[in-house]
Structures are given as C-alpha cells and as structure tokens.
Amino acid sequence: MTEKLTDLPQWKALETHHAEFDRVNLRELFKTDPARAERYFAQAGDLSVDYSKQLVTDETLRLLLDLARERGVFELRDWMFRGEKINLTEDRAVLHVALRAPETERIEVDGADVVPEVHEVLHRMAAFSARVRGGEWTGATGKRIKTVVNIGIGGSDLGPAMAYEALKPYSMRDMQFRFVSNVDGADLYEATHDLDPAETLFIVSSKTFTTVETVTNATSAKKWLLAGLGGDESAVAKHFVAVSTNAEGVSAFGIDTANMFGFWDWVGGRYSYDSAIGLSLMIAIGPERFEEMLQGFHTMDEHFRTAPAEKNLPLLLGLIGIWYRDFWDAQTLAVLPYSHYLSKFTAYLQQLDMESNGKSTRRDGEPVEWQTGPVVWGTPGTNGQHAYYQLIHQGTLLIPADFIGFDRPIEGTDPFGQHDALMANFFAQTEALAFGKTREQVEGEGVPAAQVPHRIFRGNHPTTTVTARRLTPSVLGQLVALYEHKVFVQGAVWDIDSFDQWGVELGKVLAKKIVPELSSDAAPEHDSSTNAAIERYRADREPGN
C-alpha cells in the first residue's frame, strides 16, 4: 500500500464524523430510533451479537466499511483462504482455517493440497486419544494413565489450557489434566508433586523442540519421572509424547517418533490449539467433541468468508474496534465473559490480539503513524464487578467492553439454579454502562446533596454483547474464530503483519546470554542497571545469604 492510512479520504471522513460525536449520546440514539436494538444485531452460527450499545450510527458504519474496502480487507481475506503467503516477513501462508476445513475441501500451499495432511494428523490424534481414554495405552509399569500434563508455552499452552477449562464439563472426570508453561520451577512442581509417575503422561508441545522454557520443563519432568520409576530410560517412551516437527530432537529426548504429532509452518502458535497442539484437549473431551469444536470454527470461517459486509460479525467488530482505538483513543478492550468456564478466555485473547497486532511497523517496513492493537484485559463476571467495574463506570477512561454470556448453563453445572442471577448481572451491567444515572434520577431518590455528584453515572460507555444458548464445543470454536478474524480485519486496515511475532525474540536472546553469567565470577557485560541487578542476584544466591 503506497498511501498512508491517515491520508486516505475515508480516514479523513471518519475524523470529521468523530468530531461531531460530542453531541451523540446513547440515550438519545435509542430514543430517536426505537428499532435500533433490532437493526444493530447480527447472528452467525449459534452466536448472537448486539452492538446497539456502541457509539456508532449508520453513518459511522458506512464510513468504516468504506475504509475496509479501500484497505483491501476483503481481498486479503480471500488470499488467506486461498493459501497465499500473506505473512510477508516470514514468507508463509496463514492457514489456521485449514485446520478445521472438512476433508472434502481443497486448500493449497505451493501447489499442494494441505487438507489431507491435516486430517491424517487428526485421525492419528483420535486413535491415540482413544487408546489413552480407554486404558489401552499404559505407562511403563502397566498402570493406566490417570493424569495428562501438557508442557508448552504461549500458544502451545494458552490455547489448550483455555479450551480445557471452557469444556471441562465435557471432559473425562476420572482423569486429571494439568498445564505447565512457566520456566519458574514452581509451575512444574505444583503440577507434578502429588502425582504418581507410573500414571502420568506428558505431552511436550514445541514445533522446533528447542523452545527454551518448554525444553527446560520437559527435561526436568523427565528427571522427575525417572527418579520415580527407578531410572530406566526406556520408560520415557511410555510417558512422553511430542507435538513437534523436529524428529531428531524428539528422538534424542527419548520419545518414540511414532508418537510425534506434527503441524506446519503456516500455523502460528496462537492460532494452533485446533491442531495437534490440542492433543491434551482431545484426550480430555474425546475425538467426537473435538470434531464438534472444529465444526464450530469452520462455521465462523465460512461466515467471515461469505457473509455480506453489513452483517459480517468479525468485520463489524474489527471495524468498531478501530473506531475506538484510532478515533476515540481508547487504549484497552475489556472482554468480560459471564461464565466460570471461560476463566482463561480473556488471557487467551490477550495473546491472540496483542501478539498479532502489537506492531509499529507496516507491511512494507515503514513506521506506523497511527494506533494499532489495544491492551486486552478482563476476568469473568460477576467477580470483576467487585474489582474494576468502578473504573469503567465512573473513571476518566473510555473502555469499550465485550460481554459474553449464555442463555442456559451447561447441563448439570447449575444444580442450585443460580444462572438467572448471573445473567441478571450481565444484562444490568450493559444497561448501566450505556445509560448511566442522571442527576435528576439520583436527586429523585432522596440522596443527600453532598453525595449526589458521586452517585451520578454519565453512561455512554460502549459495549457489545455476544450470547449463545449454551457453551458447547461448537460454540467455543465459533467464539475463538470470531476473535481470530476480528484481529485479522484490524491488522489488514492498519497495514501490519498480524502473523509474525518478532517482539517475542529479543528478551529470549538476551536471557540465553545472562543464564551463564548468573553463576559466573566474571563481570557481567550489560548496562549499569542490569549489571548491578545481576551482581545483587549473585550475592543473594550465595549460601548463607
């Protein structure tokens, strides 16, 4: 793209439009448009999305769609689905959509159809999962596997860990599933100290099998296993499997490469838990439920690929996000799921969004001169209501928020009938944020005069509500794909490569240099602050200190 985003007439039109919004209020928008809630509503698959409480008008949406067309969002989308190498800095295709494509589809990379490869791995995963779930796969002593420990980091951890928590009611309850990612030894300790090595299976997830944190944890897990099983190295092959493409490294570790499950360089880590990275999840919920989840992903993929722009949910949510980030200077996005089982969903979205669009360089290598990805944060409701909602309601920041809720609890998970109370809070919060409470309303309640200013809620805080009948494997797939494609839309408009992550590398490279320095007597060679910190650490770790 040769023309800067901020020089486009479509951008200038949005700037002019935004300047008029000091006169726009959600109370007035709803008052003057009784059908607003119906018109600013769309569905895809099992998801219903109400964006009527957003600070947008028909003109806003028209201008945003004009911007998307000018920026080539639809063409880039089609290139992605065709397997074009839209990850420019790594010269790679971006084909997480192929991970959930039906076997009848054909998606090519460099002239080769990748769909058969995807399903070959899925079939191998299903067969292995069935053996573990059914007790056919046993440990070195012949005992049945009772605990699966997934070792990975980033997308190799956040995805399967989030999805396992989300779908725990569908999992095998007579097995445990634990996830280790942090190189802090306490993470591995807490995951293993109360386990029987003879009943434990480790899944080591690292594409290159060289990721420092993962290999460090895997090596320590191997020591733990061998210490508990008498030191027989042959036991490793019965208690470790790998998700990797490095057969040599896997074999050298002691894992049978027949139990290595591969994936491809056209899958980014944060887009990968529906690949072999999700092996622990498949063991937990079973191949059939995993397939339901893949079908949910595909449902949203097809919606994004084919739905009209005016009703295309990832497109609309992505553009609305740009509206706030670039024209309202909203620096964050709160994602607030009203579901205990989505306790890790926002943390998962943090990587998906912030690693994808936390960029300051355009696709052509020139500096970005506009705002890109927001800070994504949030926790499940109603907990957040008693923590940070005060800031959203009455603070000085504009914080757009996505509320996610379900009409029914997962069957069997609400024995005391509390779901109505949960969802009453869900609906109440979006209403309160949008419309607030006026001075007249507060005074009409007889509030002491000194308290009146403190109990006014100005409202006009934008929210989107995303609902479905129930949280199922399919619905989870649809939700994740919705946000995947929303992130894609924003990266396309901002003219950044959403599919590399060079910002992850520098600190890791420096850490490799520092590790040997921590136990050395030689003077460290860094800036004065880092040198001093290393010297203090050395002194404190000496015996007796």
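Treat the numbers as computed from the prediction; the structure is a model and nothing was measured. (Residues numbered from 1 in each chain as written. Predicted model: local features only at pLDDT ≥ 70, side-chain atom pairs only at ≥ 80, totals over all residues. Heavy atoms only, no water.)

Colleague: Looking at this structure, how should I read the domain arrangement of the protein?
Modeller: When the parts of a complex come together, some accessible area is lost, and that lost area is often used as the size of the interface. When the domains of the protein are assigned, the result is domain 1 (28-71 + 323-474), domain 2 (98-289) and domain 3 (508-540). In this structure, domain 1 and domain 2 have C-alpha centres spaced 35 Å apart. Every contact between the two is made by 16 residues of domain 1 and, on the other side, 16 residues of domain 2. Here domain 1 and domain 2 share an interface that buries about 1500 Å² over both sides, 65% of which is from carbon and sulfur atoms. (Domains from an automatic or database assignment. Contact = heavy atoms within 4.5 Å. Buried area = accessible area lost by both parts, 1.4 Å probe.)

Colleague: Mind showing me how you'd approach the UniProt feature "active site" (unreviewed entry) in the protein here?
Modeller: Residues annotated by UniProt as "active site" (unreviewed entry) correspond here to Glu355, His386 and Lys508. What stands out for the annotated residues spanning 154 residues is how far apart their C-alpha atoms range, the widest pair being 36.8 Å apart. Mapped onto the elements of the fold, glutamate 355 is located in helix H15 (residues 345-357). What glutamate 355 contacts, discounting residues up to four positions off in sequence, is Arg270, Gln350, Asp500, Gln501 and Val504. A polar contact of 2.9 Å, which involves the side chain of glutamate 355, links it to the side chain of arginine 270. Looking at where histidine 386 falls in the secondary structure, it is placed in the loop between strand S11 (375-377) and helix H16 (389-394). (UniProt positions renumbered as here; feature names shortened; annotations may be inferred. Helix = DSSP H or I, 4+ residues; strand = E, 2+ residues; numbered from the N terminus. Polar contact = N/O pair within 3.5 Å; in protein donor to acceptor, adjacent residues only side chain to side chain.)

Colleague: Quick question: what am I supposed to make of the sheet that holds strand S5 (residues 147-151) here?
Modeller: Within a sheet, each strand pairs with its neighbour through backbone hydrogen bonds, oriented either parallel or antiparallel. As summarised here, the arrangement of the 5 strands in space is S6-S5-S7-S8-S9, forming an open sheet in which the pairing is parallel. Taken across any chain shown, the strands that pair with only one partner, and hence form the sheet edges, are strand S6 (176-180) and strand S9 (260-261). As paired elements, S5 and strand S7 (residues 200-205) share 5 bridges and run parallel to each other. Following the sheet pairing, asparagine 150 is matched in S7 by isoleucine 203. Helix H8 (residues 185-192) rests against S6 and S7 of the sheet, and its axis sits at about 170° to S6. Along the sheet, helix H9 (residues 212-228) contacts S5, S6, S7 and strand S8 (240-243); its crossing angle with S7, the most-contacted strand, is approximately 160°. (Pairing = 2+ DSSP bridges. Axes fitted to C-alpha atoms, helices over the stretch in contact; angles between N-to-C directions.)

Colleague: Would you mind going over the pairing of strand S2 (residues 47-50) with me for this structure?
Modeller: The side chains of a regular strand alternate between the sheet's two faces. Alternating positions in S2 separate into two faces, Leu47 and Val49 on one and Ser48 and Asp50 on the other, with burial throughout. With 4 bridges connecting them, strand S1 (residues 41-44) and S2 associate as antiparallel partners. Each bridged residue has a counterpart across the sheet, and for alanine 44 the counterpart in S2 is leucine 47. Taking the residues that link successive antiparallel strands as the turn, the S1-S2 hairpin has 2 residues, and the phi of glycine 45 there is positive, at about 60°. Summarising the sheet, S2 and strand S13 (residues 463-468) pair through 3 bridges and their orientation is antiparallel. The residue bridging aspartate 50 from the neighbouring strand is threonine 465, located in S13. (Buried < 20%, exposed > 50% of the residue type's maximum accessible area, 1.4 Å probe, protein only.)

Colleague: For this particular structure, what's the right way to read unusual backbone geometry?
Modeller: The general pattern is negative phi for most residues beyond glycine and trans for most peptide bonds. Look at the link from glycine 381 to threonine 382: it is a cis peptide, with omega at 15°. Checked against the element boundaries, threonine 382 lands in the loop between S11 and H16. One non-glycine residue, aspartate 110, lies in positive phi territory at about 55°. Residue position: aspartate 110 is located in the loop between strand S3 (108-109) and strand S4 (112-113). We classify aspartate 110 as exposed; its relative accessible area is 65%. A positive phi angle is found at aspartate 495, which is not glycine, with a value near 65°. For aspartate 495, the position within the fold is in the loop between helix H19 (473-494) and helix H20 (505-517).

Colleague: How should the side chain of glutamine 429 be read in this particular structure?
Modeller: Of note, glutamine 429 is situated in helix H17 (residues 419-435). Under the relative-accessibility criterion, glutamine 429 is labelled buried at 13%. Setting aside residues up to four positions removed in sequence, glutamine 429 forms contacts with Tyr338, Gln385, Tyr389, His393 and Phe403.

Colleague: When you look at the environment of tryptophan 502 in this model, what are you seeing that I'm missing?
Modeller: Tracing the backbone shows tryptophan 502 in the loop between H19 and H20. In sequence terms tryptophan 502 and glutamate 411 are 91 residues apart; their C-alpha atoms lie 43 Å from each other. Filtering out sequence-adjacent residues up to four positions away, tryptophan 502 remains in contact with Thr89 and Glu90. In terms of polar contacts, tryptophan 502 uses its side chain to reach the side chain of aspartate 500, at 3.3 Å.

Colleague: Help me out: how do you make sense of the sheet that holds S2 in this one?
Modeller: The strand order across the open sheet built from 6 strands is S1-S2-S13-S12-S10-S11, with neighbouring strands paired in mixed fashion. Pairing within the sheet leaves two strands with one partner each, and these edge strands are S1 and S11. The mean angle between the axes of side-by-side strands here comes to 20°, regardless of whether they run parallel or antiparallel. Across the face of the sheet, helix H14 (residues 313-327) comes into contact with S1, S2 and S13 while running at roughly 135° to S1.

Colleague: Hey, could you run me through the packing of aromatic side chains in this one?
Modeller: The description of two aromatic rings rests on the distance between their centres and on the angle between their planes. Taken as a whole and assessed by the stated rule, the structure comprises 30 aromatic pairs. Taking the centre distance of 5.2 Å and the plane angle of 80° together, the rings of phenylalanine 30 and phenylalanine 435 count as edge-to-face. With a gap of 405 residues between them, phenylalanine 30 in helix H2 (residues 26-32) and phenylalanine 435 in helix H17 connect regions that are remote in the sequence. Following the ring pairs from residue to residue traces out a cluster consisting of Tyr338, Trp377, Tyr388, Tyr389, Phe403, Phe426 and Phe427. (Phe/Tyr/Trp six-rings, centres within 6.5 Å; stacked < 30°, edge-to-face > 60°.)

Colleague: Can you help me understand the pattern of salt bridges in this one?
Modeller: Where side chains of opposite charge bring their charged atoms close, a pairing between them can arise. Considering all chains together, one arrives at 32 salt bridges under this definition. Arginine 131 serves as the salt-bridge partner of glutamate 136, at 3.7 Å between the closest nitrogen and oxygen. Between aspartate 364 and arginine 362 there is a salt bridge, with its nearest N and O atoms 3.0 Å apart. Of the residues examined, aspartate 364 reaches a relative accessible area of 42% and is grouped as partly exposed. (Salt bridge = Lys/Arg side-chain N within 4 Å of Asp/Glu carboxyl O.)

Colleague: Just checking my understanding: could you explain the nonpolar core for this structure?
Modeller: As a rule of thumb, nonpolar side chains are buried together in soluble globular proteins. Ranked by internal contacts, the top residues of the largest apolar core, which has 129 residues, are Trp266, Tyr273, Phe345 and Leu476. By residue number, the principal contributor to this core is H19, which donates 13 residues. Of the domains in this structure, domain 1 (28-71 + 323-474) and domain 2 (98-289) are the two that each give at least three residues to this core. Other than its neighbours up to four places away in sequence, tyrosine 273 contacts Gly159, Pro160, Met162, Ala163, Gly278, Leu281, Phe290, Met293, Phe297, Tyr348, Leu476 and Val480. (Core = buried A, V, L, I, M, F, W, Y, C linked by side-chain atoms within 4.5 Å.)

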